[in-house]
Amino acid sequence: MNLRDKIYEAKKILPERKKQLEEFCRNLDLHFKNLNMLDLAFHHRSFSNENEDHRLYNNERLEFLGDSVLGLATAAFLYEDMMDNQEGDLAKIKSTVVSEQTLAPIAKEKMHIDKYLILGKGEEKTGGREKKAILADAVEAVIGALYLDSGYAAAEKFVCKIIVPEIRKVQNFKGVKDFKTILQEYYQRKHKICPKYELIKSVGPDHDKTFFMLVRLGKVSYGPAEGKTKKSAEQTVAKIACEALGLE
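The sections below set out a description of the structure shown in this document. (Residues numbered from 1 in each chain as written. Predicted model: local features only at pLDDT ≥ 70, side-chain atom pairs only at ≥ 80, totals over all residues. Heavy atoms only, no water.)

Our next topic: the overall build of the chain. Across its full length, the chain carries twelve helices and three strands. In summary, the chain has a C-alpha radius of gyration of 19 Å against a globular reference of 18 Å for 248 residues, a match within 12%. Residue pairs at least 24 apart in sequence account for 57% of intrachain contacts in the chain once pairs closer than 6 positions are excluded. Roughly 13,600 Å² of accessible area belongs to the chain as shown, and the carbon and sulfur atoms make up 53% of that amount. If the 41 positive side-chain charges of the chain are averaged to one point and the 38 negative ones to another, these points end up 3 Å apart. (Helix = DSSP H or I, 4+ residues; strand = E, 2+ residues; numbered from the N terminus. Rg over C-alpha atoms; globule rule 2.2 N^0.38 Å. Contact = heavy atoms within 4.5 Å. Areas by Shrake-Rupley, 256 points an atom, 1.4 Å probe, with all protein chains shown as cover. Lys, Arg positive; Asp, Glu negative; His and termini not counted. Charge placed at Lys NZ, Arg CZ, Asp CG, Glu CD.)

The subject of this paragraph is the layout of surface pockets. Over the atoms rolls a probe the size of a water molecule, and its path tells where empty space is left. By volume, the largest pocket is sized at about 730 Å³. Every residue lining the largest pocket is counted, 27 residues in all, and those nearest its centre are Ser95, Val98, Ser99, Glu100 and Lys231. Listed by contribution, the elements that provide at least two residues to the lining of the largest pocket are helix H5 (60-81), helix H6 (87-97), helix H7 (100-110), helix H9 (132-150), helix H11 (179-191) and helix H12 (230-245). The greatest single-element share of the lining of the largest pocket, amounting to five residues, is contributed by H12. Split into classes, the residues belonging to the lining of the largest pocket amount to six nonpolar, nine polar and twelve charged. (1 Å grid on protein atoms, 1.4 Å probe; cavity = no way out; pocket = protein on both sides within 12 Å on 5 of 7 lines; lining within 4 Å. Points joined across faces, edges and corners; volume = space filled by probe spheres on them. Nonpolar A, V, L, I, M, F, W, Y, C, P; charged D, E, K, R; others polar.)

Turning our eyes to something else, we now look at the packing of aromatic side chains. All told, the structure shown has three aromatic pairs when counted by the stated rule. Through a chain of ring-to-ring contacts, the aromatic side chains of Phe24, Phe42 and Tyr116 assemble into a single cluster. The residue whose ring lies beneath Lys180 is Tyr197, and the NZ or CZ to ring-centre distance is 5.0 Å. Sitting above the plane of the Phe212 ring, Lys201 keeps its charged end 4.9 Å from the centroid. (Phe/Tyr/Trp six-rings, centres within 6.5 Å; stacked < 30°, edge-to-face > 60°. Lys NZ or Arg CZ within 6 Å of the ring centre and 35° of its normal.)

These figures capture arrangement, not role.
Dropping the structure here:
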């Protein structure tokens, strides 16, 4: 663990906040040796931007780490679970279940992360607790925090707990659909080339941007569609194209 994390670990958590973090752990059967790392997982960049003494501390680095842990644990499970499937089948399911579209509902409905987020005043006013990107990022940050606090085995166990049910949904054709993959497979099969996604514009401050994307299929275009990340906007516009082409 680096020096910055050790310094943060020494910060004192107020009693009321400690109760909230313990409640979060209790509801998900999680065990943290040091609650400071979990607390950091809920601190959005908008808060650190508005608070000088917290400027170096937000959940982005934990999110970066947790994203990799999430991907590895999911890939390892799929490798063992789908022994008769090709790499492409595993990759499609993995891309769906680790996506923002899947993680945001997990954050809201299973983990209730919206209750524990620490946001800046501006983000709070614009409905940050309901934004899919913020919720999904916080799931990854919690995974990263658990990995640092308790090791890979504990993080892997938690990932499987929240992700395996989503894998089963996809395997049974009930999960979130990866519309980009559906559209690409259709268009490549028919025309031997890939759809082209184009960023039309982005609006808003750096911590709260909205992206507008369209997709071009030869001379025909669909969209634009908006999203809080380029990936989510691409998924939305791909869905529009799939619906128009009757691919659902």
